[in-house]
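Architecture at a glance
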Protein chains: 2
Amino acid sequence: MPLHEQDFPGALSPVAIFGPGLIGGSLAMALGRLSSAPEIRVFARNPGRAAAALGESVFCSSDPCEVARGASVVVFCTPVECMGSLARAIRDIPGPDAVVTDAGSVKEGPVRELEEIFGGRYVGAHPMAGSEQAGIEAARKDLFDGACCILTPTDVTATDALARVEKFWTGVGCRTLCLSASEHDRLVALASHLPHAVASILIETVGAEDPLALQLAGGGLRDSTRIAAGPPEMWAGIFHANRGRVVDALDQFLERAARFRGLVSQARPEEIAAFLASAKNWRDSL
Amino acid sequence: MPLHEQDFPGALSPVAIFGPGLIGGSLAMALGRLSSAPEIRVFARNPGRAAAALGESVFCSSDPCEVARGASVVVFCTPVECMGSLARAIRDIPGPDAVVTDAGSVKEGPVRELEEIFGGRYVGAHPMAGSEQAGIEAARKDLFDGACCILTPTDVTATDALARVEKFWTGVGCRTLCLSASEHDRLVALASHLPHAVASILIETVGAEDPLALQLAGGGLRDSTRIAAGPPEMWAGIFHANRGRVVDALDQFLERAARFRGLVSQARPEEIAAFLASAKNWRDSL
């Protein structure tokens, strides 16, 4: 997906990225590959590690105000529970023309918190890209290519801020979709949080019941539990932040799991096949 | 994984394969790549389709007796529920020196049934290889390379039959492991049948609750539900044949799922993180 400098007019430079993990690091790399790359500034608790991964064209610092100063775009890529305090620390630093966005996996809480701080120039975002790996060492310049980035504007959002933030995310390779924060949280509970919970419960069950089963496993168990290798603390934060929706999604899953268990225990192979055929239909449509 | 003709001395030729699906077709291809390949005979309801996929060096027929005549090794690769009737149809055809094996995903029932027919020269087997694809068109000559093939000898099994069947499966690329049929069925319920059930229940939940969630999905949902695209009829047969063990495995999964749901709904992020860390440990050990 070729990127062009016109996706990043002068008004979007410099870009200040808070939190150089997998997402923040990949964002810096995706910006850095632009033929006319914007100035990139990164806030990191360990700026040496970030600088080693990102190269010397990227300014890395552990001082949030130094990073935010003069920024045209501010992007929060930290865990959701850290965004509020960082945002309060820099609230008056970016100029009035700066736009603010984030990459949090949950939106209702962060949108309320960041909009209260930055007003209409903040636009919530969630690029649906990631991997079971964590940290800047796993960052990749093509992580966002073709990924769906959900934007969550509100009644308060300024029209031009939405346009600029949308241009920012499409510029690094995403396609965008606007949803309310509440709708976002319900949908990602199904599309992302539930699969992670299920993969973790599955591999925990197999390993704890009999580790020998892990040795017999083929590609099926391997693929279906890949995401369970993701960072536990980060995922615990996501489940906690979106717990109402996650519990709803788990209940919807558990209801069908109980039905499937009933079909197997009652020896109803035709109905098992019909259940599996419906599931296959959904999977084939992915 | 290089194969050598000494893996297939004259005593293992010709090989009669019943059922040219993904497994039977891949087996014919794996045998065909040997520098001195054995004679291969395949029973197929549609011999023209099998011959088109396997090439003219493989004899394909819809007459089970014609395929079994003179065979040194007979391998049943049909769905488990079809093995008994085919085995009865050819019971007196292979000579007294022939060995018989199978590739069924469930072992207690087939082992009882096939051992009753063929006695000590039958050795149950289950190569843990497959894919969400089905049919001979998905067959690959390297499907078994490095896969674990479980053998299920009994008190009745002849020692030399076990040695020859083990050599047969290692010859096509597998590593082997001997377990009782009952132990096999318990372990594959965890390692293979439970993951398939969970993947199917997961994608059915996401699709049925909101198809829009499928459009947002990243690689996580995609990977964790890949196996749910497998053939519904075949999998319904497997779940039905192993239903006691599958229900046990589902109950073990559902118990942990209920615990995880409780941690999320009771807002206990430290315990969620501990659960996820344990799951990650098992996954990292795969």
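Bear in mind the structure is a predicted one, so any value in this text is a computation, not a measurement. Residue positions are given per chain, counted from 1 along the sequence in the order it is written. Working convention: letters from A go to chains and numbers from 1 go to ligands, in the order in which they are written. Residue-level local features of this predicted model are given only where pLDDT is at least 70; pairs of side-chain atoms are given and counted only at 80 or more, and the full residue set underlies all totals for whole chains, interfaces and linings.

Next up on the list: unusual backbone geometry. Backbone geometry places A:Ala267, a non-glycine residue, at a positive phi of 55°. Strands here mean DSSP runs of E at least two residues long; helices mean DSSP runs of H or I at least four residues long; both are numbered from the N terminus. Its place among the elements puts A:Ala267 in the loop between α11 (243-265) and α12 (269-284).

Another point: the pairing of strand β8 (residues 175-178) of chain A. Residues and elements named next belong to chain A. Pairing of strand β7 (residues 148-152) with β8 involves four bridges; the strand directions are parallel. Bridge pairing links Cys148 to Arg175 in β8. At this point the chain moves from β7, through helix α6 (residues 159-171), to the parallel β8, and the crossover so formed is right-handed. Strand pairing is assigned whenever DSSP detects at least two bridges linking the two strands. Orient the strands so they point away from the viewer; a crossover is then right-handed if the path from the first strand over the helix to the second runs clockwise.

Residues and elements named next belong to chain B. Residue position: Ala71 is located in the loop between α3 (64-68) and β4 (73-76). To sort residues by burial, count the other C-beta atoms lying within 10 Å of each one's C-beta; a count of 20 or more means buried, 12 or fewer means exposed, and anything in between means partly exposed. C-beta atoms are built from the backbone. Overall, the presence of 24 C-beta atoms within 10 Å leaves Ala71 in the buried class. For the pair formed by Ala71 and Phe168, sequence separation is 97 residues and the distance between their alpha carbons is 14 Å. Ignoring any residue separated from it by four or fewer positions in sequence, one finds Ala71 in contact with Pro14, Val15, Ala16, Arg41, Pro94 and Ala98. The contact criterion used is a C-beta to C-beta distance within 7 Å, with each C-beta placed from the backbone.

Right, let's get into the sheet that holds strand β7 (residues 148-152) of chain B. Either a parallel or an antiparallel arrangement is found when strands of a sheet pair, and the pairing is made through backbone hydrogen bonds. Residue and element names in this part refer to chain B. Here we have eight strands laid out as an open sheet, ordered β3-β2-β1-β4-β5-β6-β7-β8, and mixed in their pairing. Each end of this open sheet is capped by a strand with a single partner; those strands are β3 (59-61) and β8 (175-178). On average, each strand axis in the sheet is tilted by 25° relative to the strand beside it, whichever way the strands run. One ladder, built from two bridges, connects strand β5 (residues 99-102) with strand β6 (residues 122-127); its direction is parallel. All axes are obtained by fitting lines to C-alpha atoms, using only the stretch in contact for helices, and the reported angles, taken between N-to-C directions, cover 0 to 180 degrees.

Further remarks concern the relation of the copies chain B and chain A. Residues below a pLDDT of 70 in either copy are left out; the C-alpha atoms of the rest, at least 70 in both, set the least-squares superposition of the copies. After a rotation of 180° and a shift along the axis of 0.0 Å, chain B superposes on chain A with an RMSD of 0.0 Å. In the structure described here, the two chain copies are related by an operation that fits a two-fold rotation axis. Relative to the rotation axis, the C-alpha of B:Ser224 is the closest in chain B, positioned 1.8 Å from it. Of all interface residues in chain B, 100% are interface residues in chain A too; the two copies therefore contact each other through one and the same surface.

Counting from both sides, the interface comprises 78 residues of chain B and, opposite them, 78 residues of chain A. Within the residue set of the side of chain B that touches chain A, elements represented by two or more residues are β7, α7 (181-209), α8 (211-216), α9 (219-224), α10 (232-241), α11 (243-265) and α12 (269-284) of chain B. Following the grouping adopted for this structure description, the nonpolar residues are Ala, Val, Leu, Ile, Met, Phe, Trp, Tyr, Cys and Pro, the charged ones are Asp, Glu, Lys and Arg, and the polar ones are all others, Gly among them. Grouping the constituent residues of the side of chain B that touches chain A by class yields 49 nonpolar, 16 polar and 13 charged.

Another aspect to go through is the packing of α11(B) against α12(B). All names here are of chain B. Across the interface, α11 lies against α12 with an axial gap of 8 Å and an inter-helix angle of 145°. Here the hand of the crossing between α11 and α12 comes out left-handed. Between α11 and α12, the residues in contact are Phe260, Leu263 and Val264 and Glu271, Ile272 and Phe275, respectively. Its residues placed into classes, the contact of α11 with α12 shows five nonpolar, no polar and one charged. For any pair of crossing helices, the crossing counts as left-handed if the nearer helix is rotated counterclockwise from the farther one by less than a right angle, and right-handed if it is rotated clockwise.

In this section: the pairing of strand β1 (residues 15-18) of chain A. Residue and element names in this part refer to chain A. Along β1, one buried face is formed by Val15 and Ile17 and the opposite face, lined by Ala16 and Phe18, is buried too. Sheet topology note: the β1/strand β2 (residues 40-43) ladder contains four bridges and is parallel. Among the inter-strand pairings, Ala16 is bridged to a residue of β2, identified as Arg41. Handedness of the crossover joining β1 and β2 through helix α1 (residues 22-32): right-handed. Judged from the four bridges that link them, β1 and strand β4 (residues 73-76) form a sheet pairing that is parallel. Bridge pairing in β4 links Val15 to Val73.

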